[in-house]
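The residues making up each chain are set out below.
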Amino acid sequence: MRYLILSDIHGNWEALAAVAAQARGCYDTILCCGDLVGYCADPNPVVKWVRANVHLVVRGNHDKVCAGLEDLEWFNPVARMAAAWTLNALSPANLDYLRNLRKGPAAVESFQVLHGSPLDEDDYLMSTFEVEQIQSYLEKQVSFFGHTHLQGGFLCDWQGVRRIGGALPNGDTVLELDPDAWYLINPGSVGQPRDGDPRAAYALYDPAARVVEYHRAAYDIAAAQRKIRAAGLPEILALRLETGD
Ligand code: ZN
């Protein structure tokens, strides 16, 4: 079984459509590490597509807040505004779907998917130090996570924890998994990359071949920006799509 791994789509339909088109034929099943909505202006098309196409989704912190399951007060003002707008915009069926998303980690075959950290979907795994703190809580040798919007992740072996880079500006990156190492793999964000590359990010995983591929897909950023502005969402949410940070 080959997997397409998505994360942090954040209501960006143009980015999701570009990823789906580019990855077509390269996978059997789709998994998602959470944050379907929040920030961009197409929560309904994105959730509808996910409901029809994605085999397993773990809940992200934005899904929780945008579905009204948690108070907005912990979000910064921009995220809070986008969450309130999204909660109001979601159709009853899509809202119901978001409210019932399962919490990660969720096991799939020999690996697992989660949003932030194995302990808390709201925690960020940004540094090797943070990964060292939670390493003993990983129940599978390969975990896919999101939340930071940084493609790449971490490798843990007898030498300690090291960072893994994502796709390069001029091509994809293929990672062959060492059978003795543990991995935290971040496919990157489909809808709001923050690693300096504005293209939509995703990963392909073939557990039998022990290979992860990091990919990027160019998409119509201007169209996503026009929708954000037309919806009256904060301008910064449109601007950051073109810089990818
Ligand atoms: Zn996110």
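Scroll up a little and you will see the structure.
A brief look at the structure comes next. Treat the numbers as computed from the prediction; the structure is a model and nothing was measured.

### Re the packing of aromatic side chains
Moving on, step 1. Within this structure, the stated rule accounts for five aromatic pairs.
Moving on, step 2. Between Y3 and F111, the ring centres sit 5.1 Å apart and the planes meet at 75°, which makes this aromatic pair edge-to-face. Linking Y3 in strand β1 (residues 3-6) with F111 in strand β5 (residues 111-113), this pair joins segments that are 108 residues apart in sequence.
Moving on, step 3. The exposure class of F111 is buried, given its relative accessible area of 0%.
Moving on, step 4. Judged by centre distance (5.0 Å) and plane angle (55°), the ring pair of F144 and Y205 falls under tilted. Of this pair, F144 sits in strand β6 (residues 142-144) while Y205 sits in strand β11 (residues 200-206), and the two are 61 residues apart along the sequence. Each member of the pair, F144 as well as Y205, is classed as buried.

### Comments concerning the sheet that holds β5
Moving on, step 1. An order of β4-β5-β6-β10-β7-β8 is seen for the six strands of this open sheet, with the pairing classed as mixed. Edge positions in the open sheet fall to β4 (106-108) and β8 (160-165), since each of these has one partner strand only. Neighbour-to-neighbour, the strand axes of the sheet open up by a mean angle of 20°, direction not taken into account.
Moving on, step 2. Two strands pair when backbone bridges link them, and β6 and strand β10 (residues 182-186) are joined in this way by three bridges, in the parallel orientation. Bridged to F144 within β10 is I185.

### Remarks on the pairing of strand β12 (residues 211-217)
Moving on, step 1. With six of seven residues buried, β12 is to be regarded as a mostly interior element.
Moving on, step 2. When strand β9 (residues 173-176) meets β12, the two strands line up antiparallel, connected through four bridges. Residue V174 lies in a different strand from β12, and its bridge partner there is E213.
Moving on, step 3. Bridge count for β11 against β12 is seven bridges, and the pairing is antiparallel. Paired with A201 across the bridge in β12 is R216.
Moving on, step 4. Linking β11 to β12, which pair antiparallel, is a turn of four residues; within it R210 sits at a positive phi near 55°.

### Considering the side chain of Q225
Moving on, step 1. Looking at the secondary structure, you find Q225 in helix α7 (residues 221-230).
Moving on, step 2. There is a polar contact of 2.8 Å between the side chain of Q225 and the backbone oxygen of A238.
Moving on, step 3. Once residues within four sequence positions are removed from consideration, Q225 is found in contact with A238, L239, L241 and E242.

### Some details on the coordination of the zinc ion
Moving on, step 1. In the first shell of the zinc ion, the protein supplies D8 (OD), H10 (NE2), D35 (OD) and H149 (NE2), at 2.1 to 2.3 Å from the metal.
Moving on, step 2. Each of the four donor atoms bound to the zinc ion contributes to angles spanning 86 to 177°, and the resulting shape is irregular.
Moving on, step 3. Taken in sequence order, the residues that donate to the zinc ion follow the motif D-x1-H-x24-D-x113-H. Linking D8 in the loop between β1 and α1 (13-23) with H149 in the loop between β6 and β7 (152-157), this pair joins segments that are 141 residues apart in sequence.
Moving on, step 4. Exposure remark for D8: the relative accessible area of 0% places this residue in the buried category.

### A word on the packing of helix α2 (residues 43-53) against helix α5 (residues 92-99)
Moving on, step 1. In contact at an axis separation of 10 Å, α2 and α5 are set at 60° when each is read in the N-to-C sense. Relative to α5, the element α2 lies oblique. Of the two possible hands of crossing, α2 and α5 adopt the one that is left-handed. Contact with α2, carried on its side by N44, V47, K48, V50 and R51, involves A93, N94, Y97 and L98 of α5 and no other residues of that element.
Moving on, step 2. Its residues assigned to classes, the contact of α2 with α5 comprises five nonpolar, two polar and two charged.

What counts as what
- Residues numbered from 1 in each chain as written.
- Predicted model: local features only at pLDDT ≥ 70, side-chain atom pairs only at ≥ 80, totals over all residues.
- Heavy atoms only, no water.
- Phe/Tyr/Trp six-rings, centres within 6.5 Å; stacked < 30°, edge-to-face > 60°.
- Helix = DSSP H or I, 4+ residues; strand = E, 2+ residues; numbered from the N terminus.
- Buried < 20%, exposed > 50% of the residue type's maximum accessible area, 1.4 Å probe, protein only.
- Pairing = 2+ DSSP bridges.
- Axes fitted to C-alpha atoms, helices over the stretch in contact; angles between N-to-C directions.
- Polar contact = N/O pair within 3.5 Å; in protein donor to acceptor, adjacent residues only side chain to side chain.
- Contact = heavy atoms within 4.5 Å.
- Donors = N, O, S within 2.8 Å, 3.2 Å for Na, K, Ca; no water.
- Tetrahedral: all angles 85-135°; square planar, octahedral: opposite > 155°, others 65-115°.
- Parallel < 35°, antiparallel > 145°, perpendicular 65-115°, else oblique.
- Left-handed = near helix turned anticlockwise from the far one by under 90°.
- Nonpolar A, V, L, I, M, F, W, Y, C, P; charged D, E, K, R; others polar.

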